[in-house]
Amino acid sequence: MILIVDSGATKSDWISLDKNGEQLFVTQTLGLSPEVLTRDVIEDRLANNFELSKNKEEVTYLYFYGAGCGTDRMKKFLKEIFENFFPNAKIEVREDTFAAIYSTTKIGHQGIVCILGTGSNCSYYDGHQLFQKVTSLGYILMDDGSGNFFGRKLLRDYYFHKMPQDLGHKFAKEYELDADVIKENLYKQPNPNTYLATFAKFIVENKEHPYCRGVIDKGLQQFVNNYIMQFELATKVPVSFVGSIAYYLREELATVIHRNDLILGVIRQRPIDGLVEFHKSTI
């Protein structure tokens, strides 16, 4: 049995294939980012999934693509957990950027591939190898244009009284904005980046409001400036995107891409579908 996993900070999509490439089951866990979760939390999320627990000894290969897996230390940390949980499996852990590439760009073709979901990232793929100009320092310092980026912006503007009054009233009705609740989630609970990203739904749902339109445009332009334009071939190759922010703000994203003389490639909400096709071709 083969398990293919695309794990973001918020959720992880799991698809199981047999040796002929036929789908056996599909399931989902909460995100498994090793940068923000302890070993105990990750182990609990695996153990509490019925399909994974039932089939863990049948798994022979695990291909895991995850947020927070960009360093050897984090890859080793996760691999040890998976080796204990799936005792008969050969484990491969790679950062989620590879999932984005394999789901949007054909082997042998060049392209820039971006992640815009709970977090954000950007890589150049020369058809065979992946190159990154920016080393991520996590959601506090980076993640431009991401869900947690927009969530942080909304909270700051609300508390600094920079959000228009009509929108501020609506925001307060939809979310628990008590300072103690916010600080509890940011500083004492796991996954503060995911918590921040929950507020991004508001900016998507109200994207026609002039304030939201401005925040979205500025945030996406900031991502282009700081990430995409780092590459010399930025205007020469397709720029593709995966993630919920890219998908739900695809019209706004297309506007920013074209304004910067970039070539828009594929926009895909979930990399897992393209990943399955990629791995089927290698069976």
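Everything that follows concerns the structure shown earlier in this document.
The structure displayed is predicted, hence computed values, not measured ones.

Caption draft 1: View of the sheet that holds strand β1 (residues 2-7). Strands sit in the order β3-β2-β1-β4-β5 across an open sheet of five strands; the sheet is mixed. With partners counted over all chains shown, the strands left at the sheet margins are β3 (23-30) and β5 (90-95), one partner each. Along the sheet, successive strands turn relative to each other by an average axial angle of 15 degrees, direction set aside. Taken together, the six bridges between β1 and strand β4 (residues 61-66) define a ladder with parallel strand orientation.

Caption draft 2: Looking closely at helix α1 (residues 39-47). For α1, the complete set of buried residues consists of I42, R45 and L46. Taken around the axis of α1, the buried residues stretch over an arc of 100 degrees, which confines them to a single face. Summarising the contacts, the buried residues of α1 are in contact with β2 (11-17), β3, α2 (50-55) and α3 (72-85).

Caption draft 3: Seen up close, the side chain of S120. Residue position: S120 is located in strand β7 (residues 120-125). Of the residues examined, S120 reaches a relative accessible area of 6% and is grouped as buried. Reaching out from S120, the side chain makes a polar contact with the backbone oxygen of D144 at a distance of 2.9 Å.

Caption draft 4: Examining the packing of helix α10 (residues 210-226) against helix α12 (residues 250-259) more closely. One way to put it is that α10 packs onto α12 with a least axis distance of 10 Å and a crossing angle of 50 degrees. Our classification of the angle between α10 and α12 gives oblique. For the element pair α10 and α12, the recorded crossing hand is right-handed. Facing α10, whose interface residues are I216, D217, L220, Q221 and V224, α12 presents E252, L253, V256, I257 and R259.

Caption draft 5: Fine view of the environment of L78. Position of L78 relative to the elements: it lies in helix α3. Spatially, the C-alpha atoms of L78 and P34 are 6.8 Å apart, while their sequence positions differ by 44 residues. Setting aside chain neighbours within four positions, we find L78 in contact with L32, P34, I42, F64, C69 and V93.

Caption draft 6: Highlighting the nonpolar core. Within the largest apolar cluster, 46 residues are counted, with the highest numbers of intra-cluster contacts made by I112, F171, I228 and F241. With seven residues, α10 is the single largest residue contributor to this core. Excluding its chain neighbours within four sequence positions, the residues that come into contact with I228 are I112, C114, C122, F223, A234, V239, F241, I257 and L262. Judged by nonpolar contacts, the second largest core, of 22 residues, contains L3, F77, L78 and A89.

Caption draft 7: Highlighting the side chain of S33. Tracing the sequence through the fold places S33 in the loop between β3 and α1. For S33, the contacting residues outside a window of four places in its chain are A67 and G68.

Caption draft 8: Fine view of the packing of aromatic side chains. According to the stated counting rule, one finds 22 aromatic pairs in the structure shown. Taking 4.8 Å as the distance between ring centres and 50 degrees as the angle between the ring planes, the aromatic pair formed by F64 and F82 counts as tilted. Residue F64 is located in strand β4, and its partner F82 is located in helix α3; the two are separated by 18 residues in the primary sequence. In this pair, the class of F64 matches that of F82, namely buried. For the pair F223 and Y227, a centre-to-centre distance of 4.8 Å together with 15 degrees between the ring planes defines the contact as stacked. Classification of F223 as buried rests on a relative accessible area of 1%. Seen from the ring of F160, K162 lies directly overhead, with NZ or CZ sitting 6.0 Å from the centre.

Caption draft 9: Fine view of the sheet that holds strand β9 (residues 238-242). What the five strands build is an open sheet, ordered β8-β7-β6-β9-β10; its pairing is mixed. Whereas interior strands pair on both sides, the edge strands pair on one side only; in this sheet they are β8 (130-131) and β10 (263-268). Sheet topology places strand β6 (residues 111-116) next to β9; four bridges connect them, and they run parallel. Residue pairing in the sheet places I112 in a bridge with V239 of β9. In the packing of α10 onto the sheet, the strands contacted are β6, β7 and β9, and the crossing angle to β6 comes to about 140 degrees.

Caption draft 10: Focus on the packing of helix α5 (residues 147-159) against helix α6 (residues 165-174). One way to put it is that α5 packs onto α6 with a least axis distance of 11 Å and a crossing angle of 115 degrees. The two elements α5 and α6 meet at a crossing, and its hand is left-handed. Of α6, the residues touching α5 (which contributes L154, L155 and Y158) are G168, F171 and A172. When grouped by side-chain class, the residues that make up the contact of α5 with α6 number five nonpolar, one polar and no charged.

Rules behind the numbers
Residues numbered from 1 in each chain as written. Predicted model: local features only at pLDDT ≥ 70, side-chain atom pairs only at ≥ 80, totals over all residues. Heavy atoms only, no water. Pairing = 2+ DSSP bridges. Helix = DSSP H or I, 4+ residues; strand = E, 2+ residues; numbered from the N terminus. Axes fitted to C-alpha atoms, helices over the stretch in contact; angles between N-to-C directions. Buried < 20%, exposed > 50% of the residue type's maximum accessible area, 1.4 Å probe, protein only. Arc of directions from axis to C-beta. Contact = heavy atoms within 4.5 Å. Polar contact = N/O pair within 3.5 Å; in protein donor to acceptor, adjacent residues only side chain to side chain. Parallel < 35°, antiparallel > 145°, perpendicular 65-115°, else oblique. Left-handed = near helix turned anticlockwise from the far one by under 90°. Core = buried A, V, L, I, M, F, W, Y, C linked by side-chain atoms within 4.5 Å. Phe/Tyr/Trp six-rings, centres within 6.5 Å; stacked < 30°, edge-to-face > 60°. Lys NZ or Arg CZ within 6 Å of the ring centre and 35° of its normal. Nonpolar A, V, L, I, M, F, W, Y, C, P; charged D, E, K, R; others polar.

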